[in-house]
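Commentary on secondary and tertiary structure
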Amino acid sequence: MKILFVGDIYGSPGRYLMEKHLPEMKREFDVDLCIANCENLNHGRGISKNTILQMKRAGVDVFTSGNHLWDNKQSLDFIAETPEILKPINVPRNALGGEYYLFESPNGEKCAVISLIGQVFMPSADMPIPALENLLQTKLVDCKNIFVDFHAEATAEKRVVGFCFDGKISCLIGTHTHVQTTDEQILPEGTGYITDVGMCGGHLSGIGVKKEIVIKKAISGMPERYHPSWDGLEINAVFVEIEDGKTVKIERIKRKYEQVESNTDSASSKS
């Protein structure tokens, strides 16, 4: 199975890049399954029904997430009724979002997609290792192909979880920092790994926000209204090829695109 995973899609610049370039990228890699982290789709904070449907039309099959999934209260009912939108499995049970998604390709091959969140420098969540162990041993015992998006801040935490599940899952791909790392690898027992896949959006920014805004906030200490940056457009992604539950190829993708004139994008919130 050939999987394309796109790092955190940030606001309208990220959505623009997906609409314009994702279909061609899927053809280039002959992709069976396209996954994207969606928690920053809606102006950098949460999702909306329209932004998810926009990304589905662009070619995304399943959406992983993280701590910002529920930031847009108007989207909560839509999250509850859309199984392709996954919450981290180690957040409270009553939080909205799918526990996992079992994707089946046209040739009948299946892959379980899971979202997981870290504990270090992150909002309160259960321990990720027991949560993932429990899911694998109860509901996914017979599933060989297992893709995990580990949404976490600390590099050490991502490495530990990667090694803990080496050979038990097909791949563990890190998200959250919006900064792509260059440590893509196949771990000793066959699990594909990268500490952070990066971000889709404007990279001459404060992890997606216009740099002038975050600089002003850093100097003044006062809340500022965030706007996504259109400077330095990039798609950060990873291509993974899985055979019999093991990663046989992992390729980091970092593509820069010409500057375009920004369109209007509402502010996310004060922060």
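Residues numbered from 1 in each chain as written. Predicted model: local features only at pLDDT ≥ 70, side-chain atom pairs only at ≥ 80, totals over all residues. Heavy atoms only, no water.

1. Some remarks on the sheet that holds strand E10 (residues 192-194)
Within a sheet, neighbouring strands are paired by backbone hydrogen bonds and run either parallel or antiparallel to one another. To keep it simple, the criterion reads: Whether two strands pair depends on DSSP finding at least two bridges between them. The helix count covers DSSP runs of H or I at least four residues long, the strand count covers runs of E at least two residues long, and both are numbered beginning at the N terminus. Contacts are assigned to residue pairs with any non-hydrogen atoms lying within 4.5 Å of each other. To obtain an axis, a line is fitted to C-alpha atoms, over the contacting stretch when the element is a helix, and the angle between two such axes runs from 0 to 180 degrees between their N-to-C directions.
Taken in spatial order, the six strands of this open sheet run E5-E6-E7-E8-E10-E9, and their pairing is mixed. The two strands at the open ends of the sheet, each matched to only one other strand, are strand E5 (100-104) and strand E9 (185-186). With six bridges joining them, strand E6 (residues 110-117) and strand E7 (residues 146-151) adopt parallel strand pairing. From the neighbouring strand, valine 113 faces E7, where its bridge partner is phenylalanine 147. Along the sheet face, helix H4 (residues 128-138) touches E5, E6 and E7 and points at about 160 degrees away from the line of E6.

2. Details of the pairing of E5
Pairing of E5 with E6, which is carried by five bridges, proceeds in the antiparallel orientation. Residue tyrosine 101 lies in a different strand from E6, and its bridge partner there is valine 113. The hairpin formed by E5 and E6 contains five residues between the paired strands, and glycine 108 there has a positive phi angle of roughly 90 degrees.

3. Considerations on the environment of asparagine 90
Put simply, the rule reads: Counted as a polar contact is a pair of N or O atoms within 3.5 Å, where, for protein atoms, one must be capable of donating a hydrogen and the other of accepting one, and residues adjacent in sequence contribute only when both atoms are in side chains.
Tracing the backbone through its elements, the reader meets asparagine 90 in the loop between helix H3 (76-80) and E5. Residues asparagine 90 and aspartate 126, 36 residues apart in the sequence, show an inter-C-alpha distance of 5.1 Å. What asparagine 90 contacts, discounting residues up to four positions off in sequence, is Leu116, Ile117, Ala125, Asp126, Met127, Pro128 and Ala131. A distance of 2.7 Å separates a polar side-chain atom of asparagine 90 from the backbone oxygen of isoleucine 117.

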